[in-house]
Amino acid sequence: MGYEVVGLVTANGKNGAQPGLPIVGKAGDLAPLIDKYQVDEVIIALPEATHQEILMLISECERGKVTIKVFPDVFQYMAGQVSIGDLGGLPLLTVRDVALRGWRRVAKRLLDVVGAACALVLLSPLLMLMSLLVKLDSRGPAFYAQERMGLDGRPFMILKFRSMRTDAEANGPGWTVENDPRTTRLGRLIRRINVDELPQFVNVLIGDMSLVGPRPERPIWVNQYRRSIPRYMDRHWEKGGITGWAQVNGLRGDTSISERIKYDLWYIENWSLLLDVKIIIRTVFNVFKSPNAY
């Protein structure tokens, strides 16, 4: 494209080099580096940087009188179906929108009801068998109800087959880990093959959840993440799902929360009925291919 790359500038002047591209200094020395190498253009490629950090870098570049270009966080800005409108003659740039409106919401609900009803009928023998096995395996109820946060931040009780001891949270809530000592013998098996989540088809049928959507989290974790992850609460524009775009792309269990949010927001802003069907098919294939895949 006609560029002759002088070199890279990193935060500490050490890490982040690409093959064939030298590191010429650190971010704090941008102004003298621009003069030293007679730079014409600076591209700031730090999509995860804060606004304050970007403004400081731009200030350094302005001292050198160069063209400045900024590479944005493409998930934050481009996933929003950017469009231009106006308000009283003033141009407005829409960078966020919700695809699931009007008839689309009705179509999604119809898919949920039909899908959940068929699943409950077809899986009823397995559900009855699992209920009996959970009761025989350990003392306590067959089902476990846990508070989660759903559409518009409203709480609801999610249903699961009980896979842990009844005193698992005697010392407060905590993340489940691999080989969690709180799980029962049967619980380790049903969690590995995701059978513990089958009762959530009841949540879908009554309208608390959807077949596909962002995975609903517990209020205690939501209150923690909303303070540290930008746009975290936007994922509650839609109902939580049994499976989702993040899950079929490998982001489930002990994976990056911030990465999951990016996939959840992309799903919300680019929803289509075909996308839901695609995610459901991928989930089914992933379950048979590898129980832990989605």
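What counts, and where the lines are drawn
Residues numbered from 1 in each chain as written. Predicted model: local features only at pLDDT ≥ 70, side-chain atom pairs only at ≥ 80, totals over all residues. Heavy atoms only, no water. Helix = DSSP H or I, 4+ residues; strand = E, 2+ residues; numbered from the N terminus. Buried < 20%, exposed > 50% of the residue type's maximum accessible area, 1.4 Å probe, protein only. Contact = heavy atoms within 4.5 Å. Areas by Shrake-Rupley, 256 points an atom, 1.4 Å probe, with all protein chains shown as cover. Core = buried A, V, L, I, M, F, W, Y, C linked by side-chain atoms within 4.5 Å. Salt bridge = Lys/Arg side-chain N within 4 Å of Asp/Glu carboxyl O. Polar contact = N/O pair within 3.5 Å; in protein donor to acceptor, adjacent residues only side chain to side chain. Phe/Tyr/Trp six-rings, centres within 6.5 Å; stacked < 30°, edge-to-face > 60°. Patch = residues over 30% accessible without salt bridge, like charges linked within 9 Å, V, L, I, M, F, W, Y side chains within 5 Å. Axes fitted to C-alpha atoms, helices over the stretch in contact; angles between N-to-C directions. Nonpolar A, V, L, I, M, F, W, Y, C, P; charged D, E, K, R; others polar.

## Concerning the overall build of the chain
Consideration 1: The secondary structure content of the chain amounts to ten helices and ten strands.
Consideration 2: Looking at the chain residue by residue over its 294 residues, the buried ones come to 38%.
Consideration 3: Considering only residue pairs separated by 6 or more positions, the chain has 62% of its internal contacts joining residues 24 or more positions apart.
Consideration 4: Counting only carbon and sulfur atoms, one obtains 60% of the accessible surface of the chain, whose full area is about 17,500 Å².

## Some remarks on the nonpolar core
The nonpolar side chains of soluble globular proteins are, as a tendency, buried together.
Consideration 1: One finds F161, F201, Y267 and I279 to be the most contacted residues of the largest nonpolar core, which totals 26 residues.
Consideration 2: Broken down by secondary-structure element, the contributors of at least two residues to this core are α4 (103-137), β8 (155-161), α5 (185-192), α6 (200-206), β9 (210-212), α8 (245-248), α9 (257-269) and α10 (273-289).
Consideration 3: With six residues, α4 is the largest single contributor of residues to this core.
Consideration 4: For F161, the residues in contact, after removing those within four places along its chain, are L127, M130, S131, V134, A142, F143, I190, V195, D196, L198 and P199.

## Some words on unusual backbone geometry
Consideration 1: Even without a glycine there, the phi angle at Q38 is positive, about 50°.
Consideration 2: With respect to the helices, strands and loops of the structure, Q38 is situated in the loop between α1 (30-37) and β3 (41-44).
Consideration 3: With a relative accessible area of 67%, Q38 lands in the exposed category.
Consideration 4: At D152, a residue that is not glycine, the phi angle is positive and equals roughly 60°.

## Side note on the pattern of salt bridges
Consideration 1: Under the definition given, this model contains nine salt bridges.
Consideration 2: Residues D276 and K108 are paired through a salt bridge, measuring 2.6 Å at the closest nitrogen-oxygen approach. On the criterion of sequence distance, the pair formed by D276 in helix α10 and K108 in helix α4 is long-range, its members being 168 residues apart.
Consideration 3: The exposure class assigned to D276 is buried, which follows from its relative accessible area of 1%.
Consideration 4: The closest approach of N and O atoms between E197 and R215, which form a salt bridge, is 3.5 Å.

## Looking at the side chain of K108
Consideration 1: On the accessibility criterion, K108 (6% relative accessible area) is buried.
Consideration 2: Looking at K108, its side chain comes within polar contact range of the side chain of Y267, at 2.9 Å.

## Here's the deal with the packing of aromatic side chains
To describe a pair of aromatic rings, you give the distance between the ring centres and the angle between the ring planes.
Consideration 1: Counted under the stated rule, the structure contains three aromatic pairs.
Consideration 2: When the centroid spacing of 5.3 Å and the interplanar angle of 25° are considered together, the rings of W245 and W266 count as stacked. Taken together, the residues span a long stretch of sequence, with W245 in helix α8 and W266 in helix α9 at a distance of 21 residues.
Consideration 3: Relative accessible area serves as the criterion here: at 12%, W245 is assigned to the buried category.
Consideration 4: Using a relative accessible area of 28% as the deciding quantity, one classes W266 as partly exposed.

## What about a nonpolar patch on the surface?
Consideration 1: Together, M1, Y3, V5, I43 and F71 line one region of the surface with nonpolar side chains, adding up to about 630 Å² of accessible area.
Consideration 2: By secondary structure assignment, the location of M1 is in the segment before β1 (8-10).

## Overview of the packing of α4 against α5
Consideration 1: Axis separation between α4 and α5 bottoms out at 9 Å; the angle between their running directions is 145°. Here M130, L133, V134 and D137 of α4 come into contact with α5, specifically with R185, L186 and I190.
Consideration 2: Partitioning the contact of α4 with α5 into residue classes produces five nonpolar, no polar and two charged.

It is worth stressing that arrangement in space is one thing and function is another; only the former is reported here.
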